[in-house]
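# Tertiary structure, described
Single-letter residue listing:
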Amino acid sequence: MAEVLEKAQKLYNDGKWQEAVTLLNESLSDLTKTEDIAEALRLKGWCFYYIGIKGPEEEKMEALRLSRNMFDVASRETSDAKKKLSIFNGLPLSLWILGDRNEAWRVSDQAVQGFPDEPSVWNTRSILCRWAKNFEESVKVCEKVYETALYRKDYRTAGHGKHNRADALKELGRTEEAKNDYAAAIGLYKDFEKETVQSAKFHIEGVEKKLLNL
């Protein structure tokens, strides 16, 4: 079943979230190992998150509820630190948009305490700060994300740091700085693609759209 999970991950990376969900739904009954089930649910959690925030408005809240539920179950099924890290990065985002902001902060706190040196948990934190309209704090956290991830040659997370910093800078009216960071994010996502031979297509396209709209 590793091939199915790898194919679903590739579909997710290419922004084909509904296709990934369909594939996982078709294969879920064939998964027997607990960690494989947790991985399928983790992937579905992220797919439903992006379907929710980028898909039709009328399907948004239901997709985000499914995202939250997938993450919740996956977190109970897995003992793998890497999976838990990914779940802790996604769950607060779905919770926040669903209106459960106290729980979003609680899960983010748990992630920061459990994985204090992981730039991706701070990336989620920066998004929550921006959504809470604490733009200056978001900028600071994004700088930490970028520097820590770049040192590790984790170019995708470094790209997220620049991308989210640009979003916060835009809110502060610092448009030229935002443009520079969006451009840097695109470069980092392309570095990730070269380094890993994985796609960052939907991240790149999203940033390019924001850059054109500035």
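Note that residues are indexed from 1 along each chain, following the sequence as it is written. The predicted nature of this model means local features are confined to residues of pLDDT at least 70 and side-chain atom pairs, given and counted, to a pLDDT of 80 or more, with totals for whole chains, interfaces and linings taken over all residues. The basis for every side-chain value is the complete set of non-hydrogen atoms in the structure, without hydrogens or water.

The name given to the protein chain in an unreviewed UniProt entry is Tetratricopeptide repeat protein.

So, about the overall build of the protein chain. Runs of H or I in DSSP of at least four residues are treated as helices and runs of E of at least two as strands, each being numbered from the N terminus. A tally of helices and strands in the protein chain yields 11 helices and 0 strands. Secondary structure elements of the protein chain, listed N to C terminal, follow the sequence α-α-α-α-α-α-α-α-α-α-α. Computed over the C-alpha atoms, the radius of gyration of the protein chain is 17 Å, within 12% of the 17 Å expected from 2.2 N^0.38 for a compact globule of 214 residues. Based on the C-alpha atoms only, the size of the protein chain along its principal axes is roughly 50 × 40 × 40 Å. When a residue's accessible area, from a 1.4 Å probe over protein chains only, is under 20% of the maximum for its type it is buried; when over 50% it is exposed; and in between it is partly exposed. Across the 214 residues that make up the protein chain, the buried fraction comes to 48%. Contacts in the protein chain between residues at least 24 apart in sequence constitute 57% of all its contacts with a sequence separation of at least 6. Taken as a whole, the protein chain presents about 10,800 Å² of accessible surface, with 47% of it coming from carbon and sulfur. With C-alpha atoms as the basis for the radius of gyration, the globule rule is written as 2.2 Å multiplied by the number of residues raised to the power 0.38. Any pair of residues with heavy atoms lying within 4.5 Å of one another is described as a contacting pair. Using a 1.4 Å probe, accessible areas were evaluated by the Shrake-Rupley method; residue-level cover was limited to the displayed protein chains.

What follows is about the packing of aromatic side chains. Centres within 6.5 Å are what make two rings of Phe, Tyr or Trp a pair, Trp counting through its six-membered ring; a difference in plane orientation under 30 degrees is then read as stacked, over 60 as edge-to-face, and the rest as tilted. Inspection of every chain in the model, using the stated rule, returns 12 aromatic pairs. Relative to Tyr50, the ring of Trp17 lies with its centre 5.4 Å away and its plane at 15°, an arrangement referred to as stacked. Of this pair, Trp17 sits in helix 2 (residues 17-27) while Tyr50 sits in helix 3 (residues 34-54); the two residues are 33 residues apart in sequence, bridging distant segments of the chain. Residues Trp17 and Tyr50 agree in their burial class; the two are buried. Three or more aromatic residues joined by ring pairs make a cluster, and in this case those are Tyr12, Trp17, Trp46, Tyr49, Tyr50, Phe71 and Phe202. Think of it as a cone above the ring: NZ of Lys or CZ of Arg counts as a charge over the ring if it is within 6 Å of the ring centre and within 35 degrees of the ring normal. The cationic tip of Lys144 hangs over the ring face of Trp122; the distance from NZ or CZ to the ring centre is 3.8 Å. Over the aromatic face of Tyr146 sits the side chain of Lys162, whose NZ or CZ is 4.5 Å from the ring centroid.

Attention shifts here to the side chain of Asn89. Within the secondary structure, Asn89 sits in helix 5 (residues 81-97). Among the residues examined, Asn89 registers a relative accessible area of 7% and is labelled buried. Within the structure, the side chain of Asn89 is placed 2.9 Å from the side chain of Ser120, a separation counted as a polar contact. For Asn89, the contacting residues outside a window of four places in its chain are Trp46, Ser120, Val121 and Thr124. Here a polar contact is taken to be a pair of N or O atoms separated by no more than 3.5 Å, where protein atoms must pair a possible hydrogen donor with a possible acceptor and residues adjacent in sequence count only if both atoms sit in side chains.

Turning our eyes to something else, we now look at the nonpolar core. Grouping buried Ala, Val, Leu, Ile, Met, Phe, Trp, Tyr and Cys residues that are joined through side-chain atoms within 4.5 Å yields what is termed a nonpolar core. By size, the foremost hydrophobic cluster in this structure holds 44 residues, and its most contacted members are Tyr12, Trp17, Trp46, Tyr50 and Val121. Going through the elements one at a time, helix 1 (2-13), helix 2, helix 3, helix 4 (60-77), helix 5, helix 6 (101-114), helix 7 (119-131) and helix 8 (135-151) are the ones with two or more residues in this core. Here this core takes 9 residues from helix 3, the largest share from any one element. Built from parts of two domains, this core gets at least three residues from each of domain 1 (1-107) and domain 2 (117-213). Each domain's extent was defined by an automatic or database domain assignment.

What follows deals with the domain arrangement of the protein chain. Accessible area lost on assembly of the parts is the figure often given for the size of an interface. Annotation of the protein chain at the domain level lists domain 1 (1-107) and domain 2 (117-213). Centre-to-centre separation of domain 1 and domain 2, based on C-alpha positions: 21 Å. Across the boundary between the two partners, domain 1 contributes 15 residues, which contact 16 residues of domain 2. Interface area for domain 1 against domain 2, summed over the two sides, is near 1,400 Å², with a carbon-plus-sulfur share of 68%. Basic side-chain nitrogens of Lys or Arg form a salt bridge, by our definition, when they fall within 4 Å of a carboxyl oxygen of Asp or Glu. Our count for the domain 1 to domain 2 interface comes out at 0 salt bridges. Linking domain 1 with domain 2 are 5 residue pairs in polar contact (both at pLDDT 80 or more), by the criterion used here. Of all the secondary-structure elements, those providing two or more residues to the side of domain 1 that touches domain 2 are helix 1, helix 3, helix 5 and helix 6. Ranked by residue count, the leading element in the side of domain 1 that touches domain 2 is helix 5, at 6 residues. Residue polarity is assigned by list, with Asp, Glu, Lys and Arg as charged and Ala, Val, Leu, Ile, Met, Phe, Trp, Tyr, Cys and Pro as nonpolar; anything else, Gly included, falls into the polar class. Its residues placed into classes, the side of domain 1 that touches domain 2 shows 11 nonpolar, 3 polar and 1 charged. Once two parts are brought into contact, the accessible area they lose, counted with a 1.4 Å probe and summed over both, makes up the buried area.

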